[in-house]
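This is what each chain is made of:
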Amino acid sequence: MNMLQQIWTQVPTWDQFLAVLLLRDYNTRLVVFSTTLLGLAAGIIGTFLLLRKRSLMGDALSHATLPGIAGAFIVMVLAGGDGKWLPGLLTGAAVFGSLGVLAVVIIRSQTRLKDDAAMGIVLSVFFGIGVALLALVQQMPQGSAAGLETFIYGKTASMVWDDFLLIAGVAMATAVACGLLYKEMTLLCFDEGFAAAQGWPITRLDVAMLALVTAVTVIGLQAVGLILIIALLIIPPAAARFWTENLGRMILISALIGGISGWLGSSLSALLPRMPAGAVIVLVAATLFGISMLLGSTRGVLVRALAHWQLTRTVRRQHLLRAMYEAIEAQTDHAFPELARTLTTGSTGGSTKGSTAAAGRTPGTGEHDFEHVPISFKHLMGERSWSAHLLRRLLNDAQSRRLITRVGAARSAASSDHGKESYRLTWAGLTEATRIVRNHRLWELYLVTHADIAPSHVDRDADQIEHVLSPELVTRLEQTLAER
Amino acid sequence: MMLHPLDFWIILIAMLAGLCCALLGNFLVLRKMSMMGDAISHAVLPGLAVAYLITESRSSFTMFIGAAVVGVLTALFIQWVHSFGKVNEGAAMGVVFTTLFALGLILIVHAPESMDLDPGCVLYGSLELAPLDQVQFLGLQAPRAAWVLAGVLALNTLCVLLLYKEFNISSFDPALATTLGINARLMHYLLTTLVAITTVASFEAIGSILVIAMLIVPAAAAHLLTQRLGVMILLSLIIAAISAVLGHIAAITVPTWFGFRDTNTAGMMATVAGLLFVLAMVFAPRQGMIARWRAGRRGDLTPPAETPDLGPPPALRA
């Protein structure tokens, strides 16, 4: 618990807060700009990785850079140079990162192992080689190799102007390349086979995409370290996916989330004591992911739950109406076509529009008083396998929508007469019920005549499809059935 | 070359860890869940840190419990993000384990100085120091890590032997398993739990990277050498054991050729395992590159390397 106290006593003052937020300090400005740009670049290229289901490729790639870093150090020291010359180290990292990707591709194409095993092998073996090389580096006389470990966890605070330039350059190149190759990469993500058939050089495009990932990973090594750069490649696109179904927008949102994570994360780490920037950036990104997953406007958990709930309610209501209709039919012994004729004014379009038009013209003047037949609760209970509780809820809901009314409501207002009360359809309810029953039977008929399914088996299928038949589809069904 | 008694213990510990991991790795590879080991072994970091912060002691047992709980939670979180968020499995793993790793890093940085749990030790372990921590058990003096790993190996072996048929069927055909009355979901979580326990028990000795290597590489190599599950498991165990022995010997000999003292055994073991995999990939009797090349020249129907499973295209329009 003393840890919490420690953090609390070191909460920054307002002035410090402003200083960081307004980027007054040169070093902070550098770090914040760099991480923001890194987040943007990773967000853009990560989107393509996510859609190609290759998110973990970044994982394999970044682990594979370690032997490159250690190897480059050894080579540079043996050549008599400075072992920590950054461009040299990053070149080593890029070379081995590419080798790692190549190894994944070879394992996948030459053996029956799948993506996951190929990536796991490359990741662990390359990293193992790197660890072995690092141990050697530490024994070198010139080797105060402590600096190399920062590549594993990142060391944001030590960034200098050159690092910023490098990150800005790579971020710019990534954005431009993705802009230029937008159409080709999109095609590659969604339909590789089609792209190949159209004559696109898919191998070269793939290489270009992975080269960009390598570049972003390598520049991210210094900023957030080789484990957490994976997070920047995966989390922003995964979060963006909850907000849109449109690729262009997804890239923008992903870049935005990556950028915000970089900006907020590095600012927070500058404000709070002993907060490693890479880790804070990832936690900010993870928070944004959590929010997106819950509230995302397209695929968010809440939105989908709501849609599911609404659909369930509609389906149940329609089941109730159909059950009532069929009960009326059984009691009054009137055939369906007659009723349909009353409602649909004789035109072929038995669509919703036709029915409502008819409803507007002839309210309650139907030849047969279908709407006046009361159906008892008890009878309805036998129509489907629903519980009394559910049925009562459905009846109340339908009543509030004025689809049905309670018969003799004045007498039995009290809920004491369980199962004895009766309901009848209103005109609107009858119209809706007719449409649903019609959909149901059209589909049954279609299955029997065109799909050769036994009449005893079609009810179940029609039961599910009746709710989602569009007016256009109903018209086509009518035409198809009329041709027989 | 003279082997010191300590070298013997190091090899034994590494071998035990390798056997534990390789045994389970077979099922991970067959179920296309290889990266699960990677995710769990990165994600246990906060479990260790929290266990330490709560109990304020570096007792192995509490750390073990903390890490094992987080290991199982990791699998659960991945499942949630995957099924509730409809995020593809790879990305779900990436989201969960990097987040937990970041959390762990922050906790460790803020832990009191007395807690010498540095993240490096989690990543590459301290195999060289493991034999020094000796305990007496059943009248035998052996390193604590060896006892723990022997226990885990016994547990894993027991589970696999008892549930061999269930593991077998549910790995190859989950649908068939379900129709036969095997609870595939339960098998999934049992496997995940075993992997979590194994990861946690092993990584203190050999580091999380070697855990991943031993989980995947021997099993993947064995998968290329045979078509039978029983043989595959045996081969993977042999490959893991060879990696442990050769890895340590290489770690103390190879660097001397270049004028260095020695190198990290865990790293070298992973390297040797990688080399063995490459050998299997090239020379395997039926699946190997040479065998397939020669079969191709003879004009036989080559057993083709399976095309990558791309899955259905995502429902997204550009």
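Residues numbered from 1 in each chain as written. Chains lettered and ligands numbered in written order. Predicted model: local features only at pLDDT ≥ 70, side-chain atom pairs only at ≥ 80, totals over all residues.

### Details of the overall build of chain B
Here is step 1: On a plain count of helices and strands, chain B comes out with twelve helices and two strands.
Here is step 2: Ordering the α and β elements of chain B from the N terminus gives α-α-α-α-α-β-β-α-α-α-α-α-α-α.
Here is step 3: Counting over 318 residues, chain B shows a buried share of 50%.
Here is step 4: Long-range contacts, defined as pairs at least 24 residues apart, comprise 71% of the intrachain contacts of chain B with a sequence gap of at least 6. (Helix = DSSP H or I, 4+ residues; strand = E, 2+ residues; numbered from the N terminus. Buried ≥ 20, exposed ≤ 12 C-beta atoms within 10 Å, placed from the backbone. Contact = placed C-beta atoms within 7 Å.)

### Some thoughts on the environment of L225(B)
All names here are of chain B.
Here is step 1: Mapped onto the elements, L225 comes out in helix α9 (residues 184-225).
Here is step 2: Here L225 falls in the partly exposed class, since 18 other C-beta atoms lie within 10 Å of it.
Here is step 3: When the C-alpha atoms of L225 and T265 are compared, they prove to be 27 Å apart, with 40 residues separating the residues in sequence.
Here is step 4: Setting aside residues no more than four positions away along its own chain, L225 makes contact with L235, A280 and A284.

### Brief notes about the interface of chain A and chain B
Here is step 1: Taken together, the 58 residues of chain A in the interface contact 67 residues of chain B.
Here is step 2: Elements supplying a minimum of two residues to the side of chain A that touches chain B: α3 (26-51), α5 (86-110), α6 (115-137), α9 (182-190), α11 (202-240) and α13 (277-295) of chain A.
Here is step 3: Considering every element that reaches the side of chain A that touches chain B, the biggest residue donor is α6(A), with 16 residues.
Here is step 4: Counted by class, the side of chain A that touches chain B contains 35 nonpolar, ten polar and 13 charged residues. (Nonpolar A, V, L, I, M, F, W, Y, C, P; charged D, E, K, R; others polar.)

### Focus: the confidence of the model for chain B
Here is step 1: Scored by pLDDT, chain B comes out at a mean of 80, with 81% of its residues at no less than 70.
Here is step 2: Scoring the predicted complex yields pTM 0.80 and, for the interface, ipTM 0.86. (pLDDT = per-residue confidence, 0-100.)

### A closer look at the nonpolar core
Here is step 1: Grouped together as the largest cluster of nonpolar side chains are 215 residues, with contacts concentrated most on V122(A), A285(A), V96(B), L149(B), M214(B) and I216(B).
Here is step 2: Residues in contact with I216(B), not counting those within four places in the same chain, are A117(A), G120(A), I121(A), S124(A), G25(B), L28(B), V29(B), S34(B) and G37(B). (Core = buried A, V, L, I, M, F, W, Y, C linked by C-beta atoms within 7 Å.)

### A closer look at the pairing of strand β3 (residues 422-425) of chain A
Residues and elements named next belong to chain A.
Here is step 1: Along β3, the buried face is formed by Y423 and L425; none of S422 and R424, which line the opposite face, is buried.
Here is step 2: Pairing between strand β1 (residues 375-376) and β3: two bridges, direction antiparallel. Directly across from S376, in β3, lies its bridge partner S422.
Here is step 3: As paired elements, strand β2 (residues 404-407) and β3 share four bridges and run antiparallel to each other. Directly across from R406, in β3, lies its bridge partner Y423. (Pairing = 2+ DSSP bridges.)

### Describing unusual backbone geometry
All names here are of chain B.
Here is step 1: Even without being a glycine, K32 presents a positive backbone phi close to 60°.
Here is step 2: Tracing the chain through its elements places K32 in the loop between α1 (5-30) and α2 (34-55).
Here is step 3: Not every positive phi belongs to a glycine, and K86 is a case in point at roughly 55°.
Here is step 4: When you line up the elements, K86 lands in the loop between α3 (60-84) and α4 (89-110).
Here is step 5: Exposure remark for K86: the 15 C-beta atoms within 10 Å place this residue in the partly exposed category.

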